[in-house]
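# Report on the structure
So the chains spell out like this:
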Amino acid sequence: MARPTVTERAMGITKDVSAGKKALYAALAVLIVVVPLLFQATTGLGFLVRILVIVGIWILLALGLNIVVGYAGLLDLGYIAFYAMGAYAGMLIGQSFNHVLGGATYWVMLVPGAIAGAITGVALGFPVLRLKGDYLAIVTLGFGEIVRISLNNNIFGLTNGATGLPRGNEVVVPPIGVEWLRDNIRFETPLGQFVFHSNLYWYFVVLGLIILSVILINRLDDSRLGRAWAAMRENEIAAAACGVNIRTQKLWAFSIGALSGGVAGVTFAYVQQFISPESFTFMESVFVVCIVVLGGMGSIPGAIVGALVIRGVPDLIQGLAVAGVLKLPGETISHITSYRFLVFGLLMVIMMAVKPEGMIPSRRRARELHPDDEAMRDDEDQSLWDVEHNQRLSNQKP
Amino acid sequence: MHYLMEQLLNGVTLGGLYALVALGYTLVYGILLLINFAHSEMFMLGGYVGLLVLKLLSDPGMAAKAGLGFLGPAQEFFNSGPLGFALLLATTFVVSGSLVGVVGMITERFAYRPLRNAPRLAPLISAIGVSIFLQNAVLLWISSKQLPYTRADGSLFVPAKTLFTVAGVEVTSMQVLIIATSLALLLGLDTFVSKTKIGKAMRATSQDREAAGLMGVDINKVIALAFFIGPALGAIAGIFNGMYYGSVKFNMGFIPGIKSFTAAVIGGIGNLRGAMLGGFLLGIVESLASGFLSNAYRDVIAFIVLILVLIFRPGGLLGGSATEKV
């Protein structure tokens, strides 16, 4: 096959892709675009688009945490703090400037949101990154709680405490185009009336952000930084001995992960048009960790599928039940969140024992998690032998 | 001055609870190098199991409903006078401590033992899974609301009365009970680990698991024992917590769990006496900070202490400077 094009290379597709797989990808792409349009057009199913938007934001979060946990191997149990920082920064700054920015507020606020996330990441990372795995996990957990409690206590009089933002007399301006699309794109379909609802607008915004993140993360994984992370997570001492500056690399992982958490936070704030400390509890952090771990640490498809399954399926069941499509007793509906945590808790335990690499594992990560695998060691020995053998052959040539 | 003394007393009481829970973290960490994230749930389970046992042993209606009517004469004794009450408490501690201890051993058997040779992240994630599971199991199958920690007639198990006054500070019977019992248990555990044969085996295992195994120590037994003692002590702290604050809730373990872990780290994790010292220190610091700085931020203060200790003295006060083995 021909050399990969620039676009293909940019997307990390450096290998030849078979025709069958290409068709599959194309079908998937069509599905991603068409399905929400169909939902929106069908009477009574419009709320599903909303669920997809929220799941999309969780995919963004999972992709961000995946950098920290999956690539750099640092367990962060307070990841939601960066999400909260992004959301609050975006909301607070946005509310002071929306009379100037108008419909551009959300788009402009992505910048301070991302910066707020990244700065928090560095501020936390700088002192704590000397710590080893489980200590780091506890410190990040403590940090997440500090952020939440501070938000809840209306710190510096900014966050409006448990009531949340925006304050009673303020409104969140919808981004450019939402109103125009809603008023101008509407027509009858056999399924029902199609209106380009703001949910659809957000769906495509979030989709765009996800695609952008996937491309960037893919390139990152293949970069010098990505290789340094892999080396570091496999053996920190060996990596340091080979000249990898551990602290700098960890700081990069932390701040890049925090940055994407911040972006997800701003988006969440403007999608919901409301934020309160309740959305940023320790359980939400655990949720993201669940997604990354069960999906497959270090695996981008794992994070995406993880979010779809773990966040999407229960939300879907709940949504359908609330809409009356699915008949469930009232008590069960209100307890769906608890049931899913119950199941995920159990799944985490089972998964760690049976398949620690997750549903859609990254190949490299799977190998690291099965150090006792006989066949794997043979493979490695073989590859070492191959290298030596080839070297010997090439040495003989001249 | 009076206020300071009051806060100090509160701090010591709280510290006793933290110390009891911290021992569980430290025992397990000393042997397995694992932060047993599910330990805070043992504290919570202790609160619930303790409440059930207390009710069964003191409330005739409850016992009859559970088909334990034959407890009648024992209940009469338990409900009469101070000696009866002391025995009621002792029985409750033994029964609920053992039950929760068994739960601890079960979690070890199924969630941690299969991962003993896995990378360190795996058991930690497994422990988080156990913690989430237990919390939501209690929420779903017992109650999602606060349960009052009271007798059948709605009165507290330990009446809130002043026992004696020191320097103008009123010391309640509850506080005396908590401080005395936790000190006794701490001393008992310390003696157990330093004087008995199985205690020696525990110390050997925490120094070098493999070598201890080669010397004939049954590693699995020692680890199971650590997973029994820790949760049992945690359960007793949970019962005290329920009596002290008058209620139990499914998520009551989370914050005290983190704080007790902080206590274990302050003292030097893996070090039993360190955990006790850390528990009391953290309790006092927290009470003083909440009394003199800000009550709304009392949890934040404990977390800040944790972060500062980990950054500046990760080995803790009594732990040596930890060197990582390559």
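As the structure is a computational prediction, the values presented were derived from the model and not from experiment.

### Topic: the overall build of chain B
If you tally the helices and strands in chain B, you get 13 helices and four strands. Here the C-alpha atoms of chain B give a radius of gyration of 20 Å, agreeing with the 20 Å that 2.2 N^0.38 yields for 326 residues. Seen through its C-alpha atoms, chain B measures out along the principal axes to roughly 60 × 50 × 40 Å. Sorting the 326 residues of chain B into buried and exposed places 48% on the buried side. Within chain B, contacts between residues at least 6 apart in sequence are counted, and of these 73% link residues at least 24 apart.

### Topic: the overall build of chain A
Within chain A, the regular secondary structure consists of 17 helices and two strands. A buried classification covers 42% of the 398 residues belonging to chain A. Intrachain contacts of chain A at a sequence separation of at least 6 include 76% that bridge at least 24 residues.

### Observations concerning the packing of helix α12 (residues 272–292) of chain B against helix α13 (residues 298–312) of chain B
Residues and elements named next belong to chain B. Running from N to C, α12 and α13 cross one another at 135°; their axes reach a closest spacing of 9 Å. Accordingly, the angle class assigned to the pair α12 and α13 is oblique. For the pair α12 and α13, the crossing hand works out as right-handed. Within the contact between the two elements, α12 uses L282, V285, E286, A289 and S290 and α13 uses R298, I301, A302 and V305. Looking at side-chain class alone, the contact of α12 with α13 contains six nonpolar, one polar and two charged residues.

### A look at the confidence of the model for chain B
Chain-level pLDDT for chain B is 85 on average; 97% of the residues reach the 70-or-more range. No element of chain B has a lower mean pLDDT than helix α3 (residues 60–65) of chain B, at 74, and none a higher one than helix α10 (residues 219–245) of chain B, at 92.

### Considering the interface of chain B and chain A
Contact residues are listed per partner, giving 35 residues for chain B and 36 residues for chain A. Sorting the residues of the side of chain B that touches chain A by element identifies α6 (121–141), α11 (254–267) and α13 of chain B as the ones contributing at least two each. No other element matches the 14 residues that α6 of chain B contributes to the side of chain B that touches chain A. Residues of the side of chain B that touches chain A, tallied by class, amount to 29 nonpolar, four polar and two charged.

### Overview of the environment of Y29 of chain B
All names here are of chain B. If you trace the backbone, Y29 turns up in helix α1 (residues 2–32). On the basis of neighbour count, Y29 is assigned to the buried category, with 24 C-beta atoms found within 10 Å. Residues Y29 and S206, spaced 177 residues apart in sequence, show a C-alpha to C-alpha distance of 8.6 Å. In this structure, Y29 is in contact with L34, I35, I269 and G270, ignoring residues within four places of it in sequence.

Reading the values: rules and limits
- Residues numbered from 1 in each chain as written.
- Chains lettered and ligands numbered in written order.
- Predicted model: local features only at pLDDT ≥ 70, side-chain atom pairs only at ≥ 80, totals over all residues.
- Helix = DSSP H or I, 4+ residues; strand = E, 2+ residues; numbered from the N terminus.
- Rg over C-alpha atoms; globule rule 2.2 N^0.38 Å.
- Buried ≥ 20, exposed ≤ 12 C-beta atoms within 10 Å, placed from the backbone.
- Contact = placed C-beta atoms within 7 Å.
- Axes fitted to C-alpha atoms, helices over the stretch in contact; angles between N-to-C directions.
- Parallel < 35°, antiparallel > 145°, perpendicular 65-115°, else oblique.
- Left-handed = near helix turned anticlockwise from the far one by under 90°.
- Nonpolar A, V, L, I, M, F, W, Y, C, P; charged D, E, K, R; others polar.
- pLDDT = per-residue confidence, 0-100.

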